[in-house]
Amino acid sequence: MRISVVRYFKTDDQIIHEEKKLEGGVWVQMIKPTVKECMEMAELLNVDVEDIQAALDEEESSRIELQDGYTLILVDIPTIEIRHEKQSYTTIPLGIILTQDIIVTICTEDTIVLRNFVENRVKEFSTKKRLRFVYQILYRTASIYQVNLRVIDKKRTEIEERIGKHMEDMDLIDLHELESTLVYFATSLRANGVVLDRMTRYKRLEQYPEDKELLGDVIVENRQAIEMTSIYRDIINGTRELMSSVLDNRLNNVMKYLTSITIVMAIPTVISGIYGMNVDERWMPFAHTPHGFLIICVITLLICVITMLFLRKKKML
């Protein structure tokens, strides 16, 4: 069970440290906040509590809204979840609220996107440069999407290598999980792209020349992630069709072998059925011949062998 966390961070000379109170230039990190914490923060910042709670709804769509005195940005970020007792990827909302001198991030998880900032792994990071901080978050988000997409493609490659050798039913389920993940990624990346496009047009968001360059890099990375998602979806579709063809071919081979075996087994059944008829023994070959039964068995065996050789020549066995 995740515990709610509200922390205050501030950078001095590009070194991040934790603060004990809310003040100008502070980054407020809210991880799965309670209703009470959301209401208290909304009152302190003079923002709508529903905008703070928006990121806590997993079905919330990505968007950007310019409110009176603050800006709300909602984007989808990748995260890990357990599906069918296996590690899978999905997306969750990340809320960013920009006030006059404070930035607030709201998420249901302690995501790796923000953990890099807390652990001071991002260069030229400052909580006072709020808009650049937002672009850095979005850039990290697009980069993590690409990393996860490469992991997904690696898993697909492992499944593809087992086709025709040790393919199992579980491989079909795993491939379906990968395809579902790519659907989530594609939807989220396109929605994030719409948000980025709108950010380039809003004059209210004051941007410095280096910020505009960083935003351009974010847009390029996001588009690249969208292209990767589209390509990998097409490849997975091809892999799934290949698996279906292999399974159909296996089924056809099994039916072919069963048919051949049925033909061979029918020969002694027909001969024994003829000799089992209630007719005059004078008309039955080898009826009075010494070792007649053995001769009939040998002839039956020879016919079966000839039939098997013929079927093998026709690649039926």
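Quick look at the structure, then.

Criteria and cut-off values
- Residues numbered from 1 in each chain as written.
- Predicted model: local features only at pLDDT ≥ 70, side-chain atom pairs only at ≥ 80, totals over all residues.
- Heavy atoms only, no water.
- Axes fitted to C-alpha atoms, helices over the stretch in contact; angles between N-to-C directions.
- Helix = DSSP H or I, 4+ residues; strand = E, 2+ residues; numbered from the N terminus.
- Parallel < 35°, antiparallel > 145°, perpendicular 65-115°, else oblique.
- Left-handed = near helix turned anticlockwise from the far one by under 90°.
- Contact = heavy atoms within 4.5 Å.
- Nonpolar A, V, L, I, M, F, W, Y, C, P; charged D, E, K, R; others polar.
- Salt bridge = Lys/Arg side-chain N within 4 Å of Asp/Glu carboxyl O.
- Buried < 20%, exposed > 50% of the residue type's maximum accessible area, 1.4 Å probe, protein only.
- Polar contact = N/O pair within 3.5 Å; in protein donor to acceptor, adjacent residues only side chain to side chain.
- Pairing = 2+ DSSP bridges.
- Core = buried A, V, L, I, M, F, W, Y, C linked by side-chain atoms within 4.5 Å.
- Phe/Tyr/Trp six-rings, centres within 6.5 Å; stacked < 30°, edge-to-face > 60°.

1. Section: the packing of helix H4 (residues 130-161) against helix H5 (residues 169-199)
Next up, step 1: Running from amino to carboxyl end, H4 crosses H5 at an angle of 160°, the nearest separation of the two axes being 11 Å. One finds that H4 runs roughly antiparallel with respect to H5. Seen from above, H4 lies across H5 with left-handed handedness. Contact residues: H4 offers Leu131, Val134, Tyr135, Leu138, Tyr145, Asn148, Leu149, Ile152, Lys155, Arg156 and Ile159, while H5 offers Asp171, Asp174, Leu175, Leu178, Thr181, Leu182, Phe185, Ser188, Leu189, Asn192, Leu196 and Met199.
Next up, step 2: For the contact of H4 with H5, the class distribution of residues is 15 nonpolar, 4 polar and 4 charged.

2. Let's talk about the pattern of salt bridges
Next up, step 1: Counted by the stated rule, this structure contains 11 salt bridges.
Next up, step 2: Here Arg63 makes a salt bridge to Glu60, at a shortest N to O gap of 2.4 Å.
Next up, step 3: Looking at Arg63, the relative accessible area reads 17%, which means it is buried.
Next up, step 4: One network of salt bridges, with partners in common, ties together Glu60, Arg63 and Glu65.

3. Describing the environment of Leu182
Next up, step 1: Considering the arrangement of structural elements, one finds Leu182 in helix H5.
Next up, step 2: When the C-alpha positions of Leu182 and Tyr232 are compared, they lie 7.9 Å apart, and in sequence the two are 50 residues distant.
Next up, step 3: In contact with Leu182, other than residues within four places in its own chain, are Leu149, Ile152, Thr229, Tyr232, Arg233 and Ile236.

4. Description of the side chain of Thr127
Next up, step 1: Relative to the elements of secondary structure, Thr127 occurs in the loop between helix H3 (112-118) and H4.
Next up, step 2: Owing to a relative accessible area of 0%, Thr127 belongs among the buried residues under this scheme.
Next up, step 3: Of the polar contacts made by the side chain of Thr127, one reaches the backbone oxygen of Gly25; its length is 2.8 Å.
Next up, step 4: When neighbours within four sequence positions are excluded, Thr127 is seen to be in contact with Phe9, Lys10, Thr11, Gly25, Trp27 and Ile103.

5. Remarks on the packing of H5 against helix H6 (residues 209-275)
Next up, step 1: Relative to each other, H5 and H6 sit at 160°, their axes nearing to 9 Å. Of the possible angle classes, the one that applies to H5 and H6 is roughly antiparallel. Between H5 and H6 lies a crossing whose hand is left-handed.

6. Regarding unusual backbone geometry
A negative phi angle characterises most non-glycine residues, just as the trans form characterises most peptide bonds.
Next up, step 1: Even without a glycine there, the phi angle at Asn120 is positive, about 60°.
Next up, step 2: When you line up the elements, Asn120 lands in the loop between H3 and H4.
Next up, step 3: Residue classification places Asn120 among the partly exposed positions, given a relative accessible area of 30%.
Next up, step 4: Phi is positive for His291, close to 60°, though the residue is something other than glycine.
Next up, step 5: Its location among the elements puts His291 in the loop between H6 and helix H7 (292-313).
Next up, step 6: According to the relative accessible area criterion, His291 is exposed, its value standing at 63%.

7. A closer look at the pairing of strand E2 (residues 15-19)
Consecutive residues of a regular strand have side chains that alternate between opposite faces of the sheet.
Next up, step 1: As paired strands, strand E1 (residues 5-12) and E2 are joined by 5 bridges and run antiparallel to one another. The residue of E2 that forms the bridge with Lys10 is His17.
Next up, step 2: In sequence, E1 turns back onto E2 through a hairpin of 2 residues, with Asp13 there showing a positive phi of about 55°.

8. Considerations on the nonpolar core
Next up, step 1: Ranked by size, the top nonpolar core spans 32 residues in total, and within it Trp27, Ile73, Val134 and Met199 carry the most contacts.
Next up, step 2: Taken together, the elements giving at least two residues each to this core come down to strand E5 (70-83), strand E6 (86-98), strand E7 (103-107), H3, H4, H5 and H6.
Next up, step 3: Ranked by size, the runner-up nonpolar core spans 19 residues in total, among them Tyr8, Cys38, Met41 and Val104.

9. Here's the deal with the packing of aromatic side chains
Next up, step 1: Per the counting criterion, the structure on display carries 8 aromatic pairs.
Next up, step 2: A centroid spacing of 5.2 Å and a plane angle of 35° characterise the contact between Phe9 and Trp27, whose relative ring orientation is tilted. With Phe9 in strand E1 and Trp27 in strand E3 (residues 27-31), this residue pair connects regions lying 18 residues apart in the sequence.
Next up, step 3: Note on Phe9: relative accessible area 3%, which makes it buried.
Next up, step 4: The exposure class assigned to Trp27 is buried, which follows from its relative accessible area of 0%.
Next up, step 5: In textbook terms, an aromatic cluster arises when at least three aromatic residues are bridged by ring pairs, as seen for Phe9, Trp27, Phe117, Phe125 and Phe133.

10. What about the side chain of Thr181?
Next up, step 1: For Thr181, the location among the structural elements is in helix H5.
Next up, step 2: In this structure Thr181 comes out as buried when scored by relative accessible area, which is 3%.
Next up, step 3: Residues within four places of Thr181 in sequence aside, it is in contact with Arg83, Tyr89 and Ile152.

Read these as geometric descriptors, not functional statements.
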